[in-house]
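As a plain string of letters, each chain reads:
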Amino acid sequence: MKSLLPLPIVALLSMATIASAQSAKESDYYTITTFETPIGEVIEACGFQLMPDGSMAVCSRRGDIFRIADPLAETVGPDQFSFYARGLHEPLSLAWREGWLYATQRCEVTRMRDENGDGAADVFETVADGWGVSTDYHEYAFGSKFDKDGNMAVTLCLTGSFNSDVPFRGWAMKITPDGQTLPMTSGVRSPAGIAADAQGRWYYTDNQGPWNGTCALKPLRQGKFVGHPGGFKWYADAESTMGPKPVEPESGSRLHIEADRIAELDMPTVLFPYNKMGKSASGIACDTTDGKFGPFQNQLFVADQSASTIMRVFLEEVDGHMQGVCFPFRSGFASGNVGVEMTPNGSLFVGGTNRGWGSVGTRPFAIERLDWTGKTPFEILAIRLQPDGFELEFTEPVDPDSVTDPATYQLQTYTYEYRSQYGSPEVDHTQPTIRSATVSEDGLKVRLVVDGLQRGHVHEFLCDKIKNAAGQTLLHPQAYYTASYLAK
């Protein structure tokens, strides 16, 4: 049909449409609400728990637990905060079960409740304390929520970066409903978050350092070893649940090579490339809100303390193991993100601190809430490994002309040294060849045939030329797939 508008106006409208499509911002889709905390209170928020009455409990590494009334309000101010407990030893995680609020402290898991109804806890009980604690700054302890059987997992940071000077530092422990502390996984270095996926599988974040070339999301499975041998000395006290001590890893090797040699060694689920995806991976939350947080049902959202960001993770099972891809998601938080909590209404609570480490966010501490605006961002929804390449799925149909040329995609791979030194540069770079790109009939998927897939490598994608039907480019064109295993 011939346009009734003069050509100059049509051209201006087209240019305006393109400009609008290209100027999309993260804040168009997910807004950050920063809470105003009480004057004089330093709330370095590291853990959250939504309470039965709708308030939000938040623990500070300073030793306090507060409750926030009406935490979903449009604005949250100081008068909505009340203290629930004080004087704990660096509580970093909270959970709720059968009328009790549980806090994982540096030295124990404690449960508490308010019996006299004045709003503050007045009964405190030790649930589990089957590990050691010294005066070392690094001996953090993070606890999970409860699983369907009433168990909790606790990750215990090493004494410093290299050693385990007191029992079970550098381990994950299972806390049973009757309070037993059972060794579950060895090889932990510096954990900063722990959570389950939608199927109930536990993961934790570990940070770059000795035997960790970069930060990673790692599985927590019974009897397994996840990389740092500093706590091997405690196998003598753990054989009933762990079996014998694994073979020592070889420094300077590669993780996938050592995993083939050491039966107990679990490969990372997702590697977070250093600097590109932050430098201090921390809290984890799973979106089980059935679309209330956007189109990312069952995906994980992982905080980064140094970059003050939230990352997004899609997981799949390959060769009997969970692995997947990470994407940038939301930046611009006020402090260094540590604790995260997804609520059933689709709000992600984010808390943090920059004390001791610094962060892109300049505030010394913050409590914030991330909410979906209802608009769907044009994103890569998922990347799935295939025997001969990858399948990319999008949140909106793509423009076929923008995706079928293999030259549209930039793809490289690299890995990290598995070594006793602190961290690792990217090593073993390769340049796979994309042979073809085929779009599905509905425009939501693109199938890439690739020569040169590399086991144990991050496969880094840059897809900045892909557009949707409106001419909009991807909000985040970067993606990092960790191929710990290859599809058969």
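Thresholds, definitions, all that
- Residues numbered from 1 in each chain as written.
- Predicted model: local features only at pLDDT ≥ 70, side-chain atom pairs only at ≥ 80, totals over all residues.
- Heavy atoms only, no water.
- Helix = DSSP H or I, 4+ residues; strand = E, 2+ residues; numbered from the N terminus.
- Buried < 20%, exposed > 50% of the residue type's maximum accessible area, 1.4 Å probe, protein only.
- Lys, Arg positive; Asp, Glu negative; His and termini not counted.
- Salt bridge = Lys/Arg side-chain N within 4 Å of Asp/Glu carboxyl O.
- Polar contact = N/O pair within 3.5 Å; in protein donor to acceptor, adjacent residues only side chain to side chain.
- Pairing = 2+ DSSP bridges.
- Axes fitted to C-alpha atoms, helices over the stretch in contact; angles between N-to-C directions.
- Phe/Tyr/Trp six-rings, centres within 6.5 Å; stacked < 30°, edge-to-face > 60°.
- Lys NZ or Arg CZ within 6 Å of the ring centre and 35° of its normal.
- pLDDT = per-residue confidence, 0-100.
- Contact = heavy atoms within 4.5 Å.
- Core = buried A, V, L, I, M, F, W, Y, C linked by side-chain atoms within 4.5 Å.

**Quick look at the side chain of Asp-287**
Argument step 1. On the secondary structure map, Asp-287 appears in the loop between strand S19 (281-286) and strand S20 (300-304).
Argument step 2. There is no salt bridge for the buried Asp-287, and the closest opposite charge comes from Arg-312, which lies 9.2 Å off by N-O distance.
Argument step 3. Of note is the side chain of Asp-287, whose polar atom sits 2.6 Å from the side chain of Thr-289.

**Looking at unusual backbone geometry**
Argument step 1. Unlike most non-glycine residues, Glu-90 shows phi in positive territory, near 50°.
Argument step 2. The residue Glu-90 is located in the loop between strand S5 (81-85) and strand S6 (93-97) in this model.
Argument step 3. Among the residues examined, Glu-90 registers a relative accessible area of 9% and is labelled buried.
Argument step 4. A positive phi angle, close to 60°, is found at Asp-428, a residue other than glycine.

**What to know about the sheet that holds strand S17 (residues 224-225)**
Hydrogen bonds between backbone atoms are what pair the strands of a sheet, whose relative direction is either parallel or antiparallel.
Argument step 1. Strand order across the open sheet formed by five strands is S10-S11-S12-S13-S17, with mixed pairing between neighbours. The open sheet has two free edges, formed respectively by strand S10 (141-143) and S17, since each of these has just one partner strand.
Argument step 2. Bridge analysis of strand S12 (residues 171-175) against strand S13 (residues 181-186) gives five bridges, and the strand direction is antiparallel. Counted as the bridge partner of Lys-174 is Leu-182 from S13.

**Describing the sheet that holds strand S26 (residues 380-386)**
Argument step 1. Taking strand neighbours across the sheet as the criterion, the four strands line up as S26-S27-S31-S30 in an open arrangement whose pairing is antiparallel. Bordering the open sheet on either side are S26 and strand S30 (433-439), each of which pairs with just one other strand. The sheet shows a mean angle of 20° between the axes of neighbouring strands, taken without regard to direction.
Argument step 2. In the sheet, S30 pairs with strand S31 (residues 445-451) via six bridges, with the strands oriented antiparallel. Each residue of the ladder has a partner; that of Ser-436, found in S31, is Val-449.

**Quick word on the pattern of salt bridges**
Side chains that differ in charge, positive against negative, can pair when their charged atoms come close.
Argument step 1. The full count for this structure, using the stated rule, is 31 salt bridges.
Argument step 2. When the shortest N-O distance is used, the salt bridge between Glu-341 and Lys-145 registers 3.1 Å. Taken together, the residues span a long stretch of sequence, with Glu-341 in strand S23 (residues 337-342) and Lys-145 in the loop between S10 and strand S11 (152-156) at a distance of 196 residues.
Argument step 3. Look at Glu-341 and you get buried, because its relative accessible area is 10%.
Argument step 4. You can call Lys-145 partly exposed: its relative accessible area is 32%.
Argument step 5. The partner of Arg-254 in a salt bridge is Asp-428, and the shortest N-O contact between them spans 2.6 Å.

**Comments concerning the packing of aromatic side chains**
Argument step 1. Counted under the stated rule, the structure contains 22 aromatic pairs.
Argument step 2. With 6.3 Å between their ring centres and 70° between their planes, Phe-296 and Phe-301 make a pair best called edge-to-face.
Argument step 3. The exposure class assigned to Phe-296 is buried, which follows from its relative accessible area of 0%.
Argument step 4. For Phe-301, a relative accessible area of 1% translates into the label buried.
Argument step 5. Judged by centre distance (6.2 Å) and plane angle (90°), the ring pair of Tyr-414 and Tyr-416 falls under edge-to-face. Here Tyr-414 and Tyr-416 have matching classes, each one buried.
Argument step 6. A network of ring pairs unites the aromatic residues Phe-168, Trp-171, Phe-225, Phe-232, Trp-234 and Tyr-235 as a single cluster.
Argument step 7. Between the NZ or CZ atom of Arg-312 and the centre of the ring of Phe-327, over which it lies, the distance is 4.2 Å.
Argument step 8. Over the face of the ring belonging to Tyr-29 we find Lys-375, whose NZ or CZ atom lies 5.5 Å from the ring centre.

**A short note on the confidence of the model for the protein chain**
Argument step 1. Residues with a pLDDT of 70 or more make up 95% of the protein chain, whose mean pLDDT is 95.
Argument step 2. Confidence over residues 1-21 falls short of pLDDT 50; this stretch has seven contacts with residues more than four positions distant or in other chains.

**Quick notes on the nonpolar core**
Argument step 1. Judged by nonpolar contacts, the single largest core of 57 residues is most densely connected at Ile-383, Leu-392, Tyr-409 and Phe-461.
Argument step 2. Broken down by element, the residue count for this core peaks at four residues, all from S26.
Argument step 3. Sequence-distant contacts of Tyr-409, defined by excluding residues within four places in its chain, comprise Leu-392, Val-403, Ile-434, Ala-437, Val-446, Leu-448, Leu-462, Cys-463 and Ile-466.
Argument step 4. In terms of nonpolar packing, the next biggest core, distinct from the first, is built from 23 residues, Ala-281, Ile-284, Leu-315 and Cys-326 among them.

**Here we look at the pairing of strand S15 (residues 202-206)**
Argument step 1. Summarising burial for S15: five of the five residues are buried, a large majority.
Argument step 2. Going residue by residue along S15, you find Trp-202, Tyr-204 and Asp-206 tucked away on one face and Tyr-203 and Thr-205 tucked away on the opposite face as well.
Argument step 3. Relative to S15, strand S14 (residues 191-196) runs antiparallel, the two being bridged by four bridges. Each bridged residue has a counterpart across the sheet, and for Ala-196 the counterpart in S15 is Trp-202.
Argument step 4. As consecutive antiparallel partners, S14 and S15 are separated by five residues, and within that stretch Gly-200 has a phi angle of approximately 90°, a positive value.
Argument step 5. When S15 meets strand S16 (residues 215-219), the two strands line up antiparallel, connected through four bridges. The partner of Asp-206 across the bridge, within S16, is Ala-216.

**Focus on the pairing of S11**
Argument step 1. When you tally the buried positions in S11, you get five out of five residues, the bulk of the element.
Argument step 2. On S11, burial covers both faces: Met-152, Val-154 and Leu-156 on one face and Ala-153 and Thr-155 on the other are all buried.
Argument step 3. Note that S10 and S11 share three bridges and pair antiparallel. Pairing of Phe-142 across the sheet is with Thr-155, part of S11.
Argument step 4. The sheet contact formed by S11 and S12 spans four bridges and is antiparallel. Directly across from Thr-155, in S12, lies its bridge partner Ala-172.

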